[in-house]
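Listed below, chain by chain, are the residues.
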Amino acid sequence: MPKPKLRLNRDLESKTVIFAKAGLFLLLGLVSGFLLISSILSIRNLLLLGLTIWSFCRCYYFAFYVIEHYVDTNYRFTGLWDFAKYIFNRKRKR
């Protein structure tokens, strides 16, 4: 009996599954954030954690939206690894 082939590069198309995935990410973030904050409860640590999360969110936004819409409109990134290769190759071309 032949083995079925796995399609690993298939895009997620079900809106229900996409929203469920987003909900699971939100739940994971809330639970892990609550556990982290409850173990290090202080104003200083809360502010540093908030600043860290905000900074990484802004960096992620820059890596995708800003580069694609303002710096190089012809390039489309599919992930942080592609962004790192783009930056590395850009520096090598100079």
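Throughout, residues of each chain are indexed from 1 in the direction in which the sequence is written. Side-chain atom pairs in this predicted model are given and counted only at pLDDT of 80 or more, local residue features only at pLDDT of at least 70, and totals for whole chains, interfaces and linings cover all residues. The side-chain values count all of the structure's non-hydrogen atoms but skip hydrogen atoms and water molecules.

**Some thoughts on the nonpolar core**
Right, on to step 1. Side-chain atoms within 4.5 Å link the members of a nonpolar core, which is a set of buried Ala, Val, Leu, Ile, Met, Phe, Trp, Tyr and Cys residues. Buried, partly exposed and exposed residues are distinguished by accessible area as a fraction of the type maximum, computed with a 1.4 Å probe on protein chains only: under 20%, between the cut-offs, and over 50%, respectively. Formed by Ala 63, Phe 64, Ile 67, Phe 77, Phe 83 and Tyr 86, the largest nonpolar core amounts to 6 residues.
Right, on to step 2. For the purposes of this entry, the term helix denotes a DSSP run of H or I that reaches at least four residues, the term strand denotes a run of E that reaches at least two, and both are numbered from the N terminus. Mapped by element, the contributors of at least two residues to this core are helix 2 (43-71) and helix 3 (80-93).
Right, on to step 3. Residues contacting Phe 83, with those up to four places away along its chain left out, are Phe 62, Ala 63, Ile 67 and Phe 77. In this description, contact between two residues means that some pair of their heavy atoms is separated by no more than 4.5 Å.

**Concerning a nonpolar patch on the surface**
Right, on to step 1. A surface patch of nonpolar side chains, amounting to about 530 Å² of accessible area, comprises Leu 24, Leu 27, Val 31, Phe 34 and Leu 35.
Right, on to step 2. Positionally, Leu 35 belongs in helix 1 (residues 15-39).
Right, on to step 3. For Leu 35, a relative accessible area of 51% corresponds to the exposed category. To count toward a patch, a residue needs a relative accessible area above 30% and no salt bridge. Like charges then connect within 9 Å, nonpolar side chains (Val, Leu, Ile, Met, Phe, Trp, Tyr) within 5 Å. To be clear on the numbers: accessible area is Shrake-Rupley with a 1.4 Å probe, and residue cover counts the displayed protein chains and nothing else. Basic side-chain nitrogens of Lys or Arg form a salt bridge, by our definition, when they fall within 4 Å of a carboxyl oxygen of Asp or Glu.

**Let's talk about the pattern of salt bridges**
Right, on to step 1. Taken as a whole, this structure holds 1 salt bridge when the rule is applied.
Right, on to step 2. Across the salt bridge formed by Asp 82 and Lys 85, the nearest N and O atoms sit 3.5 Å from each other. Placement of both Asp 82 and Lys 85 in helix 3 is noted, with a separation of 3 residues, approximately one turn of the helix.

**So, helix 2**
Right, on to step 1. Fitting axes to the seven residues that end at a residue and to the seven that start at it, the angle between those axes gives the bend at that residue. The largest bend in helix 2 amounts to roughly 40 degrees and is located at Phe 62.
Right, on to step 2. Of all the positions in helix 2, only Ala 63, Phe 64, Val 66, Ile 67 and Glu 68 are classed as buried.

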